[in-house]
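Overview (structure and organization)
Listed below are the residues making up each chain.
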Amino acid sequence: MGIVAIGAGIAVLTGLGAGIGIGIATGKSSEAIARQPEQTGKITRNLILGCALAESTAIYGLLIAILLIFMN
């Protein structure tokens, strides 16, 4: 059971990477909008798509952690 808990903890760490990635992307998109306000729509669309993809990795990590804990 101890090894499963370690594996679940490592799987949940994907949320840390997703949070860092979303933070960096948001900061860069704010800088891009400040430089080129006329491109706000395209920048926002790309930001939302990137954040959704980054967040999906965190959700997959959480799902794997839950499966590891409850399937053993």
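One can find the structure itself at the top, above this paragraph.
Here goes a summary of the coordinates provided. Please read these numbers as outputs of a predicted model, since none were measured by experiment. (Residues numbered from 1 in each chain as written. Predicted model: local features only at pLDDT ≥ 70, side-chain atom pairs only at ≥ 80, totals over all residues. Heavy atoms only, no water.)

In this section: the overall build of the protein chain. Counting secondary structure elements, the protein chain contains three helices and zero strands. When the elements of the protein chain are put in sequence order from the N terminus, they spell out α-α-α. By the compact-globule yardstick of 11 Å for 72 residues, the protein chain is too spread out, its C-alpha radius of gyration being 17 Å. The C-alpha extent of the protein chain, read off along each of the three principal axes, is 55 × 15 × 5 Å. Counting every position in the protein chain, which comprises 72 residues, the buried fraction comes to 15%. Once local pairs closer than 6 in sequence are excluded, the contacts in the protein chain between residues at least 24 apart make up 71%. (Helix = DSSP H or I, 4+ residues; strand = E, 2+ residues; numbered from the N terminus. Rg over C-alpha atoms; globule rule 2.2 N^0.38 Å. Buried < 20%, exposed > 50% of the residue type's maximum accessible area, 1.4 Å probe, protein only. Contact = heavy atoms within 4.5 Å.)

Moving on: the side chain of S29. Note that S29 resides in helix α2 (residues 14-35). Non-local contacts of S29, meaning those with residues more than four positions away in its chain, are made with I43 and L47.

On the surface, a nonpolar cluster with roughly 620 Å² of combined accessible area is contributed by I6, I10, L13, L16, I20 and I24. Elements that contribute at least two residues to the nonpolar patch include exactly α1 (2-12) and α2. Sort the elements by how many residues they give to the nonpolar patch and α2 lands first, with three residues. Position of I24 relative to the elements: it lies in helix α2. (Patch = residues over 30% accessible without salt bridge, like charges linked within 9 Å, V, L, I, M, F, W, Y side chains within 5 Å. Areas by Shrake-Rupley, 256 points an atom, 1.4 Å probe, with all protein chains shown as cover. Salt bridge = Lys/Arg side-chain N within 4 Å of Asp/Glu carboxyl O.)

It is at 7 Å that the axes of α1 and helix α3 (residues 40-70) come closest, and there the two elements cross at 170 degrees. In this view, α1 runs roughly antiparallel relative to α3, as classed from their interaxial angle. On the side of α1, the interface is formed by V4, G7, A8, A11 and V12, while α3 contributes G61, I64, A65, L68 and I69. A per-class count over the contact of α1 with α3 returns eight nonpolar, two polar and no charged. (Axes fitted to C-alpha atoms, helices over the stretch in contact; angles between N-to-C directions. Parallel < 35°, antiparallel > 145°, perpendicular 65-115°, else oblique. Nonpolar A, V, L, I, M, F, W, Y, C, P; charged D, E, K, R; others polar.)

Given a rise of 1.5 Å per residue, 31 residues ought to cover 45 Å, and the 44 Å separating the end C-alpha atoms of α3 matches this to within 8%. Residues of α3 that are buried include every one of I43, C51, A54, A58, G61 and A65, and no others. Contacts made by the buried residues of α3 are with α1 and α2. (Expected span 1.5 Å × (residues − 1).)

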